[in-house]
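Chain residues, written in single-letter form:
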Amino acid sequence: MGRARFLLGILCLLSLLRPSASQRSPGSAQPANITSCNGIFLNYQFETREKIHPFVSNPADQPYAFAANVTILNSGTTDFQAWVLVLGFSHREILVSLSNAVLSDGSDLPFASDPKTPVAFSGFPNPDLKTAIATAGDLSQIQTSVSITGTQFGVAPPGIPLPSTISLSDPAWSCPPAAIAKSNTSVFTCCVPNLDPLTNSTMIDNSTLASDQSFLPLRAGDLSITYDIVQAYPSSYLALVTIDNKSPLGRLDNWRLSWEWMRGEFIYSIKGAYTSLLSASDCIYGKQGQYYQDLDFSKVVNCQRNPIILDLPSSMANDNNAGNVPFCCRNGTILPESMDPSQTKSAFQVQVFKMPPDLNRTVINPPQNWRITGALLNPDYSCGAPIRAAPSNFPDPSGLQSNSSAIATWQVVCNITQPINSKPKCCVSFSSYYNDSAIPCRTCACGCPSKLPRTCNSTAPALLLPPDALLVPFDNRSAKAKAWAEIKHFPVRDPMPCGDFCGVSINWHINSDYSKGWTGRVTLFNWEEVSFPNWFMAVKMPKAYDGFESMYSFNGTAIGNDTIFMQGLPGLNYLMSEVDGSNPTTDPRVPGKQQSVISFTKSQTPGIDVPSGDGFPTKVYFNGEECSLPDMIPTGRASRIGGRGVSMVFVLFATVLVLWGQ
């Protein structure tokens, strides 16, 4: 018995020393180690850990401060440019500080990781690694180390909190599952070139390219921001920042751009835009004021580490002091090319002063952690780290057939994203000529306020309505909804469902259906107190797209990918805000409204079944924001909920049974 207990104790101790299943490699193939790797070698080394306050009774919630180091070594034959490291953390790690890298999405530190979402790191200030062949094995040029400090939870000694994955984000490289070193304190892998020629490669072989071609090509994205150095001096430089909309459905209104200076830089002057704060106090009381003692800081525009930059109004476009920059001064509006090709860009210039030890005209470090936001009903964007690209060319302003080149160019790519736990900002209702009930927007379609009135139910499905109820604010629909439910014998929850809480709603109505075609009606409702100039919307119609014919009060265009783009006609593209009724004391408020009929032919879409759902959009966008769709669609035979038919006859039959029982 004693020997069995002794063996059991040894096994328990070994289980503690053994890394968790999330840390063990799921694959059977062992990656090459540092001596045999002929690609990009990645190694995550756990270094120290210390138990920190608060001390809690639950071991899973006990915090520990930790330190780790990641080594990236280029052991291949091609330069590795703009490296992006990906780590999958599994122990609720909170990253507090980094060296030689920044978070690729521009997030601030401290950063709370999510076990479901790997964390990406971009190299800074050295994003490129040369080859051992080209540098005679100089480690300072072929290797970089990223120091990480932070907090993790629940892994007490002797357990080792290692990441579950370590890899590169570039699809040009294939990284096998990481292996755990014999010390149990590190994981490593060796990434090799991906032989798929369609991958977006960052592998540049400088031996086969001219000096002006050894840059990465511009990358595709919803929004491309270029940071062009057009003048360079030992202690300062002039940069042209251009924001270019590449998305057919993206837009920005009243854009606000921000970044983070990493080397003590500050904005001395700006043209074509302005900073939200005009202040030099951070410089005067900081190291900038100590170094530039003879500089007149009263002329300095901004000394914030994270400046916020806004576009100038159009009235200042020709101002020689503040404007007069091509593509500047557009009230912060950037439209998609499908709407207006002349309004897809915005630009401004900044004069930047540098700090030691970067006082050399060839030493320029672009700002990091870029972010850009728009107005209420604009999509959300997530921006990557700046990547060195081929210098931009600019046409000669005098009209000569020559171009001038930027000294250096970096590109920042931003893509439309859906933040975690975010809600839409607009919603859609459905109705049809063959069903006298309108299906309103979903309950809390745009999110419920944190403090909901007790008189509404945030989880109950929205009540079917008479179509005219869609014309009044939600707060004025209760009586109509109850009366309609009583007429139609629909059940009514107590309390009743909450509203949709959306600033803009769109009604899609099937107007007619005949042998050769069909028509719909699109109605926009603006429940906000602000108007929407130059609005646009788009619908995705997989089954009906090929049959699109025309719109009558809107300008409708088929732009591909089953998408129909809509905007107001010239002079009619202003969606008014909500206003008071004729008698504000008794009449409900009136939303801004625009409407158009849309027609389709069936000759190009044989077999289309409009009542069964083919006539309703699968996605709807307003000003680039994807709107919430109802859970059900009206049909002549049933109301399909989540793809399952729920017969109205069944509902009526159930009601009869209930009444019979009473």
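Preceding block: the structure.
Per chain, residue numbering runs from 1 following the sequence as it is written. The predicted nature of this model means local features are confined to residues of pLDDT at least 70 and side-chain atom pairs, given and counted, to a pLDDT of 80 or more, with totals for whole chains, interfaces and linings taken over all residues. Based on all heavy atoms of the structure, the side-chain values leave hydrogens and waters out of the count.

1. Structural notes on the sheet that holds strand β41 (residues 619-622)
For the record, the criterion: Two strands are counted as paired when DSSP detects at least two bridges linking them. Labels follow the DSSP assignment, with helices taken as runs of H or I lasting at least four residues and strands as runs of E lasting at least two, numbered in each case from the N terminus.
Strand order in the open sheet formed by five strands is β37-β38-β35-β41-β42, and the pairing between neighbours is antiparallel. Looking along the sheet, the strands with just one partner apiece sit at the ends: β37 (554-560) and β42 (625-626). Where strand β35 (residues 536-540) lies against β41, four bridges are found, and the strand directions are antiparallel. When the bridges of β41 are listed, M537 appears paired with F622.

2. Observations concerning unusual backbone geometry
Leaving glycine out, the prevailing phi sign among residues is negative, and the prevailing peptide bond configuration is trans. Condition: Type-normalised accessible area, obtained with a 1.4 Å probe on protein chains alone, sets the label of each residue: buried when under 20%, exposed when over 50%, and partly exposed for intermediate values.
The omega torsion of the bond from F124 to P125 falls at 5 degrees, within 30 degrees of zero and hence cis. Take P125: it is sitting in the loop between β8 (119-123) and α2 (132-135). Of note, the bond from D494 into P495 is cis; its omega dihedral lies within 30 degrees of zero at 5 degrees. When you line up the elements, P495 lands in the loop between α6 (478-488) and β31 (496-497). Of note, the phi angle at R92 is positive, near 55 degrees, even though the residue is not glycine. Looking at where R92 falls in the secondary structure, it is placed in the loop between β4 (84-88) and β5 (94-99). The class for R92 is partly exposed, based on a relative accessible area of 38%. Notably, A136 is not glycine yet its phi reads approximately 55 degrees, a positive angle. Mapping A136 onto the fold places it in the loop between α2 and α3 (139-142). We classify A136 as exposed; its relative accessible area is 76%.

3. Observations concerning the pattern of salt bridges
Defined as follows: For this analysis, a salt bridge means a side-chain nitrogen from Lys or Arg found within 4 Å of a carboxyl oxygen belonging to Asp or Glu.
Taken as a whole and assessed by the stated rule, the structure comprises 14 salt bridges. Of the charged contacts in the structure, one is a salt bridge between D631 and R442, with a shortest N-O distance of 3.3 Å. With D631 in the loop between β42 and β43 (632-634) and R442 in the loop between β29 (435-439) and β30 (456-457), this residue pair connects regions lying 189 residues apart in the sequence. With a relative accessible area of 45%, D631 lands in the partly exposed category. One network of salt bridges, with partners in common, ties together E578, D580 and R589.

4. Considering the nonpolar core
To be explicit about the condition: In this description, a nonpolar core means a group of buried Ala, Val, Leu, Ile, Met, Phe, Trp, Tyr and Cys residues linked to one another through side-chain atoms lying within 4.5 Å. Residues count as neighbours in contact if any of their non-hydrogen atoms are within 4.5 Å of one another.
One finds W508, V522, M537, M566 and F622 to be the most contacted residues of the largest nonpolar core, which totals 41 residues. Ranked by residue count, the leading element in this core is strand β32 (residues 504-513), at four residues. In this structure M566 touches W508, V522, W535, F536, M537, V539, M551, F554, N555, G556 and I598, once residues within four positions along its chain are discounted.

5. A closer look at the sheet that holds strand β6 (residues 101-103)
Filter applied, for reference: Axis lines are fitted to C-alpha atoms, over the contacting stretch for helices. Their N-to-C directions set the angle, which ranges from 0 to 180 degrees.
Taken together, the four strands give an open sheet; going across it, the order is β6-β8-β4-β10, and neighbouring strands pair in antiparallel fashion. Either end of the sheet is taken by a strand with one partner, and the two such strands are β6 and β10 (165-168). If you compare each strand with its neighbour and ignore which way they point, the axes differ by 30 degrees on average. Of the strand pairs in this sheet, β4 and β8 are connected by four bridges, and their pairing is antiparallel. For L85, the partnering residue across the bridge sits in β8 and is F121.

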